[in-house]
Amino acid sequence: MQTNFSSAQLADPHVAESEKILRKCVHCGFCTATCPTYVTLGNELDSPRGRIYLIKDMLENGRPADKEIVTHIDRCLSCLACMTTCPSGVNYMHLVDHARAHIQETYKRPLLDRLTRAMLAFVLPYPQRFRAALKLAKLGKPFIGLFEKVPALKPLGAMLKLAPASIPAVSPMASPGVHAGQGTKKGRVAILTGCAQSVLDPAINDTTISLLTRLGVEVVVPPGEGCCGALVHHMGREEAALASARQNVDAWTRAIDQGGLDAIIITASGCGTTIKDYGFMLRLDPAYADKAARVSSLARDITEYLAAIDLPEPVHKLGIIVAYHSACSMQHGQKITRQPKELLARAGFIVREPREGHLCCGSAGTYNILQPEISARLRDRKVKNIEATGAEIVATGNIGCITQIASAAKLPVVHTIKLLDWAYGGPKPEGVRDESLIAAE
Ligand code: SF4
Ligand code: SF4
């Protein structure tokens, strides 16, 4: 695509980066076919190609964002299906990240939208605040219907709907410290404790630590870790995202210096995509660029890590039919497609892949709160495809997808690691019904 930026504009490294991306796009439109918002809404401006044109026009003219561009960029899930489809290697992720930061800097949103976003950025990345907010949400549940009737309050209704009925206790395993591996030491890794996942389902990381240590891997929970920054990054709050990235880079650099790390294990693929991008996000910061690149190079999804080490035979092969839902951040963001399915199959599960597996479930960070209608349409489509597989259980590797799919599916939805842990001698995951076992026998 031809671009028309002045040399003064290109002196800004963010603009220069976006210009390089824009020039790669050849307008072929292949990406429209796999874009969930185009497939759902049928509007070219809600397709990757349409958004690329809007971003190009805004950046080339050095204009502040307007209502039209904000509407169409806000509707983008950042699912990155377009990047998987694109034959020209257009890095839509970095382009839309730049557009979101530009919107945040130049556009004044309506008051309630501003307040909702500020509240999400204040609460979600901090486990203690999120836990307190979930307790408060119980009081708001009776008013969901009321909130859903007022357009500006719909995000509040969506938030209350997603809030779980009960909140698990804080896990002592998430506290900073070292979990020694059993038997011959096979490796040493750090684990990201994260934010929302540690409140909604702390058992995901507990299970990961338990399985890794049984396999002989030492697991470090480094002091000073926090939210990966993805939630605020996708809202265009660049400084907040970079502050989170720096905090984690510091924590993991200390862990590397104090005993070395083979990997930084991440159990939420949304976080994994962002941490693997820290090297790019902090490339302009001379104090952090190298350290961030090192951290990104060590980041591994738990399934990526397990697939690369020697695994014993599973303790029992359960033979249960599992629908594997590949989170967008897993398949498009990190290009991890094979490993989770192969691990499940090797552990004795019968893996089925739902139709339209490339389409997002509508969770996408805070998307199911900020865009509840499109999100619900995508969720229902996803659940229909999952249920058509005839599976007993749904497995996936991202807490956002777990919450989203579980809000409409009749099947239990669990993190992939819990099924693997079960097959390798751990307990049956909570929520998995005994009928699943009977059906498998
Ligand atoms: S990231 Fe997803 S929703 Fe956004 S343009 Fe690409 S395919 Fe469409
Ligand atoms: S598939 Fe790639 S090159 Fe083609 S329009 Fe989409 S982004 Fe541009």
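The text that follows walks through the structure, step by step, so that each part is easy to find. These numbers come from a predicted model, not from an experiment. (Residues numbered from 1 in each chain as written. Chains lettered and ligands numbered in written order. Predicted model: local features only at pLDDT ≥ 70, side-chain atom pairs only at ≥ 80, totals over all residues. Heavy atoms only, no water.)

**Brief notes about the overall build of the protein chain**
Selection rule: Put simply, DSSP marks the helices as runs of H or I at least four residues long and the strands as runs of E at least two long, and each gets a number from the N terminus on. A radius of gyration in this sense is built from C-alpha atoms; the matching globule rule multiplies 2.2 Å by the number of residues raised to 0.38. Here, residues are in contact when the closest pair of their heavy atoms is within 4.5 Å. Accessible areas in this description were obtained via Shrake-Rupley with a 1.4 Å probe; residue shielding takes into account the shown protein chains only. Neither His nor the chain ends is counted toward charge; the positive residues are Lys and Arg and the negative residues Asp and Glu. Where a charge lies is defined by one atom per residue type, namely NZ (Lys), CZ (Arg), CG (Asp) and CD (Glu).
Counting its secondary structure elements, the protein chain contains 26 helices and 9 strands. Expected size for 441 residues packed as a compact globule is a radius of gyration near 22 Å; at 21 Å, the protein chain falls within 12% of this value. With the C-alpha coordinates of the protein chain rotated into their principal frame, the extents come out at 65 × 50 × 45 Å. Long-range pairs, those at least 24 residues apart, make up 73% of the contacts in the protein chain with a sequence separation of at least 6. For the protein chain, the exposed area adds up to about 18,600 Å²; of that, 56% sits on carbon and sulfur atoms. Averaging the positions of the 50 positive and the 42 negative side-chain charges in the protein chain gives two centres separated by 3 Å.

**Some points on the sheet that holds strand E6 (residues 321–324)**
Defined as follows: For two strands to count as paired, DSSP must find a minimum of two bridges between them. Note on method: axes are straight lines fitted to C-alpha atoms, helices fitted across the in-contact stretch only, with angles between N-to-C directions ranging 0 to 180 degrees.
With parallel pairing, the 4 strands of this open sheet are ordered in space as E7-E6-E8-E9. Of all strands in the sheet, those bounded by a partner on one side alone are strand E7 (350–352) and strand E9 (413–415). Direction aside, the axes of adjacent strands within the sheet are offset by 35° on average. Pairing of E6 with strand E8 (residues 393–396) involves 3 bridges; the strand directions are parallel. Counterpart to Ala 323 in the pairing with E8 is Val 394. Lying over the sheet, helix H25 (residues 416–423) contacts E6, E8 and E9, oriented at roughly 75° with respect to E9.

**What to know about the site of ligand 2**
Quick reminder of the rule: A single heavy atom is enough: if one lies within 4 Å of a molecule or strand, its residue is considered near that molecule or strand. Ten residue types, Ala, Val, Leu, Ile, Met, Phe, Trp, Tyr, Cys and Pro, are classed as nonpolar, four, Asp, Glu, Lys and Arg, as charged, and the remainder, Gly among them, as polar.
Lining the immediate surroundings of ligand 2 are 13 residues, of which Cys 25, Cys 28, Gly 29, Cys 31 and Cys 86 lie closest. Taken together, the residues of the shell around ligand 2 sort by class into 9 nonpolar, 3 polar and 1 charged.

**Topic: the pattern of salt bridges**
Any two side chains of opposite charge can pair, so long as their charged atoms come close to each other. How we decide: Put simply, a salt bridge is a Lys or Arg side-chain nitrogen that is within 4 Å of an Asp or Glu carboxyl oxygen. When a residue's accessible area, from a 1.4 Å probe over protein chains only, is under 20% of the maximum for its type it is buried; when over 50% it is exposed; and in between it is partly exposed.
If you walk through the whole model with that rule in mind, you get 26 salt bridges. Arg 109 serves as the salt-bridge partner of Asp 74, at 2.7 Å between the closest nitrogen and oxygen. Linking Asp 74 in helix H5 (residues 67–74) with Arg 109 in the loop between helix H7 (92–106) and helix H8 (111–123), this pair joins segments that are 35 residues apart in sequence. With respect to class, Asp 74 is no different from Arg 109; both count as buried. Residue Arg 381 pairs with Glu 356 through a salt bridge whose shortest N-O separation is 2.8 Å. Pair noted here: Arg 381 is in helix H23 (residues 372–387) and Glu 356 is in the loop between E7 and helix H22 (367–370), with a separation of 25 residues, a long-range link. Given a relative accessible area of 33%, Arg 381 falls into the partly exposed group. With a relative accessible area of 22%, Glu 356 lands in the partly exposed category.

So far we have only geometry, and geometry alone does not tell us how the molecule works.
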